[in-house]
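# Survey of secondary and tertiary structure
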2 protein chains.
Amino acid sequence: MTKPRPLSGFPEWRPAHQTAEQAVTDGLRRVFELHGFAPLRTRAVEPLDVLLGKGETDKEIYLLRRLQAEADAADADSTLGLHFDLTVPLARYVLENSGHLTFPYRRYQIQPVWRGERPQEGRYREFVQADIDIVGDGVLAFHHEVEVALVAAEALSALPIPPIRLRVNNRKVAEGFYTGLGLPDTAAVLRVMDKVDKIGADGVTGLLTDLGATDDQAQACLRFAAITGTPGEGFGAVGAAVKSLGVTDPLLDQGLDELARVVDAAQRDVPGVLVPDLSIARGLDYYTGTVYETHLVGHEGLGSICSGGRYDELARDGSRVFPGVGISVGVTRLIGALLGRSLVASTRAVPSAVLVAVTDEGHRDVSQRVAAALRRRGISTEVSPTAAKFGKQIRYADRRGIPFVWFPGDDDAAGEVKDIRSGDQVPAVASTWTPPAVDLAPTLVGPDSTEEPEELS
Amino acid sequence: MTKPRPLSGFPEWRPAHQTAEQAVTDGLRRVFELHGFAPLRTRAVEPLDVLLGKGETDKEIYLLRRLQAEADAADADSTLGLHFDLTVPLARYVLENSGHLTFPYRRYQIQPVWRGERPQEGRYREFVQADIDIVGDGVLAFHHEVEVALVAAEALSALPIPPIRLRVNNRKVAEGFYTGLGLPDTAAVLRVMDKVDKIGADGVTGLLTDLGATDDQAQACLRFAAITGTPGEGFGAVGAAVKSLGVTDPLLDQGLDELARVVDAAQRDVPGVLVPDLSIARGLDYYTGTVYETHLVGHEGLGSICSGGRYDELARDGSRVFPGVGISVGVTRLIGALLGRSLVASTRAVPSAVLVAVTDEGHRDVSQRVAAALRRRGISTEVSPTAAKFGKQIRYADRRGIPFVWFPGDDDAAGEVKDIRSGDQVPAVASTWTPPAVDLAPTLVGPDSTEEPEELS
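Residues numbered from 1 in each chain as written. Chains lettered and ligands numbered in written order. Predicted model: local features only at pLDDT ≥ 70, side-chain atom pairs only at ≥ 80, totals over all residues.

### Section: the overall build of chain A
Secondary structure summary: chain A contains 13 helices and 18 strands in total. For the C-alpha atoms alone, the extent of chain A along its principal axes is close to 90 × 65 × 45 Å. Evaluated residue by residue, chain A yields a buried proportion of 50% over its 457 residues. In chain A, 70% of the contacts between residues at least 6 apart in sequence involve partners at least 24 apart. (Helix = DSSP H or I, 4+ residues; strand = E, 2+ residues; numbered from the N terminus. Buried ≥ 20, exposed ≤ 12 C-beta atoms within 10 Å, placed from the backbone. Contact = placed C-beta atoms within 7 Å.)

### Let's talk about helix H10 (residues 250–269) of chain A
Residue and element names in this part refer to chain A. Taking 1.5 Å as the rise per residue, H10 with 20 residues should run 28 Å; its terminal C-alpha atoms sit 29 Å apart, in good agreement. Residues of H10 that are buried include every one of Leu252, Gly255, Leu256, Glu258, Leu259, Val262, Val263 and Ala266, and no others. The arc enclosing the buried residues of H10, seen along the axis, measures out at 165°, which places them on a common side. Contacts made by the buried residues of H10 are with helix H4 (143–157), strand S7 (164–170), helix H5 (171–180), helix H9 (236–243), strand S8 (274–276) and strand S9 (290–296). (Expected span 1.5 Å × (residues − 1). Arc of directions from axis to C-beta.)

### Observations regarding the environment of threonine 443 of chain B
All names here are of chain B. When you line up the elements, threonine 443 lands in the loop between strand S17 (425–429) and strand S18 (444–445). With 320 residues separating them along the chain, threonine 443 and arginine 123 place their C-alpha atoms 27 Å apart. Leaving out residues up to four positions away in the same chain, threonine 443 has contacts with Ala23 and Thr347.

### Observations regarding the interface of chain A and chain B
Bring the parts together and some accessible area is lost; that lost area is often taken as the interface size. Taken together, the contact pairs 63 residues of chain A with 64 residues of chain B. Those elements that place two or more of their residues in the side of chain A that touches chain B are helix H1 (15–34), strand S1 (38–39), strand S3 (62–66), helix H3 (87–97), strand S10 (306–317), helix H12 (364–376), strand S14 (381–383) and helix H13 (390–400) of chain A. Ranked by residues supplied to the side of chain A that touches chain B, first place goes to H1 of chain A with 7 residues. Among the residues forming the side of chain A that touches chain B, the class breakdown is 27 nonpolar, 16 polar and 20 charged. With 5 bridges connecting them, S3 of chain A and strand S3 (residues 62–66) of chain B associate as antiparallel partners. Residue pairing across strands places leucine 63 of chain A opposite arginine 65 of chain B, the latter belonging to S3 of chain B. (Nonpolar A, V, L, I, M, F, W, Y, C, P; charged D, E, K, R; others polar. Pairing = 2+ DSSP bridges.)

### Some words on the packing of helix H6 (residues 186–193) of chain B against helix H7 (residues 196–210) of chain B
Residues and elements named next belong to chain B. Two numbers describe how H6 lies on H7: the axes approach to 9 Å, and their chain directions differ by 140°. With respect to their mutual orientation, H6 and H7 come out oblique. Contacts between H6 and H7 involve Val189, Val192 and Met193 from the former and Val196, Val204, Leu207 and Leu208 from the latter. Across the contact of H6 with H7, the residue classes break down as 7 nonpolar, no polar and no charged. (Axes fitted to C-alpha atoms, helices over the stretch in contact; angles between N-to-C directions. Parallel < 35°, antiparallel > 145°, perpendicular 65-115°, else oblique.)

### Section: the domain arrangement of chain A
All names here are of chain A. As far as domains go, chain A holds domain 1 (7–162 + 300–349), domain 2 (169–297) and domain 3 (350–441). Computed from C-alpha atoms alone, the centre-to-centre distance between domain 1 and domain 2 is 27 Å. Contact residues are listed per partner, giving 23 residues for domain 1 and 21 residues for domain 2. Going through the elements one at a time, H4 and S10 are the ones with two or more residues in the side of domain 1 that touches domain 2. (Domains from an automatic or database assignment.)

### Concerning H1 of chain A
Along an α-helix, residues three or four apart share an orientation, since each turn contains 3.6 residues. All names here are of chain A. With 20 residues, H1 should reach 28 Å at 1.5 Å per residue; the first-to-last C-alpha distance of 29 Å fits that figure. Counting buried positions over the 20 residues of H1 gives 15, a clear majority of the element. Once H1 finishes, glycine 36 follows within two positions and takes phi at roughly 80°, a positive value.

### So, the relation of the copies chain A and chain B
With an RMSD of 0.0 Å, the operation that places chain A on chain B is a rotation of 180° combined with a shift of 0.0 Å along the axis. In the structure described here, the two chain copies are related by an operation that fits a two-fold rotation axis. The rotation axis passes nearest to the C-alpha of leucine 64 of chain A in chain A, at a distance of 2.5 Å. Comparing interface residues between copies, 100% of those in chain A also lie at the interface in chain B; the contact surface is shared. (Least-squares fit on C-alpha atoms with pLDDT ≥ 70 in both.)

### A closer look at the sheet that holds strand S8 (residues 274–276) of chain B
Residues and elements named next belong to chain B. Taken in spatial order, the 8 strands line up as S1-S5-S6-S11-S10-S9-S7-S8 in an open sheet, and their pairing is mixed. A strand with exactly one partner marks an edge of an open sheet, and here the two such strands are strand S1 (38–39) and S8. Alignment of strand S10 (residues 306–317) against strand S11 (residues 320–330), held across 9 bridges, turns out to be antiparallel. Across the sheet, the residue bridging to tyrosine 311 is glycine 324, located in S11. Strands in contact with helix H3 (residues 87–97) are strand S5 (105–114), strand S6 (126–135), S10 and S11; relative to S10, the strand with the most contacts, it is inclined by about 30°.

### A short note on the pairing of strand S11 (residues 320–330) of chain A
Residue and element names in this part refer to chain A. With 9 of 11 residues buried, S11 is to be regarded as a mostly interior element. Sheet topology note: the strand S6 (residues 126–135)/S11 ladder contains 7 bridges and is antiparallel. Within S11, the position partnered with alanine 130 by the bridge is valine 329. Hairpin connection of S10 to S11: 2 residues between the antiparallel strands, including glycine 318 at a positive phi of 65°.

### Description of the packing of H5 of chain A against helix H6 (residues 186–193) of chain A
Residues and elements named next belong to chain A. Contact geometry of H5 with H6 gives a least axis separation of 10 Å together with a crossing angle of 110°. With respect to H6, the element H5 is oriented roughly perpendicular. The chirality of how H5 crosses H6 is right-handed. Of H6, the residues touching H5 (which contributes Ala174, Glu175, Tyr178 and Thr179) are Thr186, Val189 and Leu190. (Left-handed = near helix turned anticlockwise from the far one by under 90°.)

### Structural notes on the environment of isoleucine 227 of chain B
All names here are of chain B. Position of isoleucine 227 among the secondary structure elements: in the loop between helix H8 (215–224) and helix H9 (236–243). For isoleucine 227, a count of 20 C-beta atoms within 10 Å gives the class buried. Along the sequence, isoleucine 227 and isoleucine 132 sit 95 residues apart, while their C-alpha atoms lie 29 Å from each other. The contacts of isoleucine 227, once residues within four sequence positions are left out, are Val238, Ala241, Val242 and Leu278.

### Here we look at unusual backbone geometry
Residue and element names in this part refer to chain A. Going from phenylalanine 103 to proline 104, the amide bond is cis rather than trans, its omega being -5°. Following the sequence through the fold, proline 104 ends up in the loop between H3 and strand S5 (105–114). Located in the positive-phi region is serine 342, a residue other than glycine, with phi close to 55°. Among the structural elements, serine 342 can be located in the loop between helix H11 (331–340) and strand S12 (345–346).

### Some words on the sheet that holds strand S15 (residues 404–408) of chain A
All names here are of chain A. With mixed pairing, the 5 strands of this open sheet are ordered in space as S14-S13-S15-S16-S17. Each edge of the sheet is formed by a strand with only one pairing partner; in this case those strands are S14 and strand S17 (425–429). Neighbour-to-neighbour, the strand axes of the sheet open up by a mean angle of 30°, direction not taken into account. In terms of strand pairing, strand S13 (residues 354–356) meets S15 through 3 bridges, oriented parallel. Following the sheet pairing, leucine 355 is matched in S15 by valine 405. Packing against the sheet, H12 makes contact with S13, S14, S15 and strand S16 (414–419), and its axis sits at approximately 175° to S14.

### Some details on the nonpolar core
Of all hydrophobic cores here, the largest spans 268 residues; its most connected members are Ala149 and Ala152 of chain A together with Ala149 and Ala152 of chain B. Residue contacts for alanine 149 of chain B: discarding those within four places in its chain leaves Leu166, Val168, Val262, Ala266, Leu274 and Tyr292 of chain B. (Core = buried A, V, L, I, M, F, W, Y, C linked by C-beta atoms within 7 Å.)

### So, the environment of leucine 159 of chain B
Residue and element names in this part refer to chain B. Mapped onto the elements, leucine 159 comes out in the loop between helix H4 (143–157) and strand S7 (164–170). Since 19 C-beta atoms lie within 10 Å of it, leucine 159 is described here as partly exposed. Those residues in contact with leucine 159 that lie beyond four places of it in its chain are Val24, Gly27 and Leu444.

Shown next, in the form of C-alpha cells:
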C-alpha cells in the first residue's frame, strides 16, 4: 500500500485526539443517562423512501450499491441509503417498535451520519452526532421542551470547553406575532426573515412588501426579529420589548409564556447559559414549538454545535401520532474545532496508568502477575513489550504518556513504583497500591490545563 | 410513513436489548482498557483500492454513490466503499499516522462493518465488531500472541454468557509438519485439509494424492489434523501426539513451542478456557503464527464468535513493515444468539434507578430539585412525565423497570422512597439516600438471574 492520504470530508483523529473524542462522548453519555435517557443504536441504512419521507431532498444522500450486484440482479434490494441524521431513523424505529416502547420514550443515540456535501470548514461528509429525544404517544407535555434544553446545557457545561450560549426561540411566538400583525402567511414571512443576514433590512422589506406587507408591518417584523435577551437575565425585558410593538394574539401569548418558562428554568439551573433570541428563524418552518441553537462563546463563526426543537409530528402511523422534542450535539464539528484550535486535550493518549517493567524475558511472568493484581483493582496497566534497560523502558512509558513505571521485586507482591514526571520512587505492593485518582484514567482538560500542547499541533 | 418492516441482514434490537448490547460492548471495552488498549474510531469508508488491497474480492463490498451525483460529475471522488472489517482500516490508519504512533501500537476498535452478503442465521449485512490489535514497527515479539488470546479470554469470560472455548493453532506447526513430512507445497495442503469437514477423509486423501502425496503421507496428514487438546490440561499430550507421528522439522519445533507457551499461559490465567486444536485450518493460509477461534460451549453451531491471529505483514510502506496480532469479537453475532435464545438480559431497559413522582404540576419544580440532588451523586433519575395519581405513576415506573419511586415532601430535602418490587417505603433525604449498588445501573445477567424472561421473547 502506498502512503494513504486523508479523505476530504471524512475526518479521523490521531491517537491523542481519539481519546479526547471518546472522553467527550463519554461525558455527554453520562449526563444523558443520569437523566434517564436509554441507549439506542439504529442500523446505518434506511430505505431511500424513508430517507426522502419528509421531502428533504436537499440533503445529499449516499446510496449503497453492491460491488458484485450485476452478477445477481434478482437479489436487488429496495434502494438503501446511509442515514443523514439520527431523527429519521428514530421516527422509523418508534413506528416499527411502538408496541415495545414505554411512552414518553427517552433515548440518546451517538452515531455517525453521512452527507455527500461539498466539504468545507465545519462541514463533513461523515460526522458523529449525539442526540437526545423524548417522544410521546399522541401527546407530549410542554415541560419536556424545558427539560431537553436543560439536559443539553448541563451535558455541554460539564465538559472542559469554552462557555456555551444556548439560544432559544419558539415557533408560536413568531407565528402568533405575524398573524396578530395581519400577515397570515406566516410560513412565507418566516422564510423571508431567515434571509435578513444575507440580504439585509432593505432586501427583507422588499420581499415582505411583495407578500402584501405595509411599510409599518415590515418595520415591525424587523424590530421583532431583532429582539434578543441578555445572558444571565430573566425573560422580562424580552417580553416587554415584544409587547411594546403593540401586537396581540393568543398564540403569541402562549409562545411568550412557553419561552419564559424555558428561560426562567435555565436561569435557575444553568445561569447565564441560555438566552431568548427572536432572531432565530432557521428551523422555525418545520419545528412547531421551542427551537434551540448553541454556540461556543468566542467561536460563533463555527456555527451551531447543538440544535433541535419540538415537532408535533415526529412520526405518524395512520391516526396515531408521535410528537417529539430533541436536540442534537454535533460532536465532530465541536471536537474538530476544539482540537484544531488546541482548546481541549486528553491528559494522555492511552488508558494505561502503569507500565510494569520487565527485568529480563525469563521473569516476564513476574511482571504479568503484578499487572494482573493492579488490573483486578481497576488500574489500567501494560507490561513492557521488551526487557530493555530500565532507562529505555521508562522512555517508552514517557512517550506513551504513562505516568507510573513499576519495577517488580524478586517476589511479585512487592516492588517499587516511580512517578516518572517527578522522579519519586517508593516501595509498593501490587495488591494495595493505587495511583492518585487524577491519574487513574485519561481525562479531558481545557487549554489552561493542557500540559502537552505539541500533541495538538 | 406506513409501518416499517425490518431489513433482512440489518439487525436492530428493541429497547431492552439495546441496553444489553451496550453492556456487552462496555464490558469488553473495560477489559481492553485495563490492558492498555487505546480507543480508535476510523471513518466508515475506504477507497475501493484499499478495500481490494489484499485481493479479498470474495468480500461483498458496499460502494457509495451520491443520490445527486449525476448533476456534478466533475466532483466524482475516487470510488468509496464501506469497510468490511476493522483490520483493513487499521492497516491504513497505521500507515497514514505512523509518525504519530508509539510502537507497539495497541488499540481497540468497536464499530459496525458492512458486507453485502446474502443474510442467513448468524450472517449479517451490518454487524458490530470489537477488535484488539497490537502492531509493531519492523518486529513484534511473540509474547503478544499469548497476550491477545488472554485478553480476549478475560474479556469474554467477564460477561455473564455461556462458557467459551478458545481454540488455538499455529501456522508454523502445520507448515513445519507438512514440510517435514515431505510435502513442500504447504499452502496447497492447507487448502485441502480445510475441506475435511465437507468432503471427508476419503475426499481429502484423493486431493492429497493429486498433490503427489503417498498413502502414508495422506494418512499422517489426517492423523495430524485430528489432534486436539483437552480443556483444563496443558500442552503435553498434544505435543506427544504430534511427536508420535515421527515427523521432525525445525519450524515444527518452533511452532509447537509457541503453541505450548500460549496454552500454558492460558492454563495459568484462565484455566479451562483455551485448547490447542490442530484441526483448525481456516485462516492458516493468511495468518503467519498463532490463530484463534472461539465458540460458545453448547452453541458451537453458531460458529466462531471471536477469531484472529498473527500477521507478519499487517501493513507495509516501502521497506518498512508492520507486523500485527489481533482478535475480533463478533458482537452482533454473539448478542443476536444470546438474546434470541434468552441466554442473557439487561436487569432493566433504562438507566434510571429512581422515578421522582410529581404531586401536582404546580410542584414539578420540587420534584426536579430532588432529581437534581440525586443526579449530583451519580444516581440516574427521571421526573414523572405527569402528575397523575401516584398509583399510575408507580405503574409507569414499573413498566419502565425503574426500581424506586420517590415521593417528595413539602420541603425538597425530605420525602419518602418506595422500592416498588418489595413495596417497602422509607423516609429519605435526597442529598444522602443511595440505592443498593446492584440497583444503581442496569447490568447484564445470565439466564439464571433473568427476572423478566418475557422481555426476551
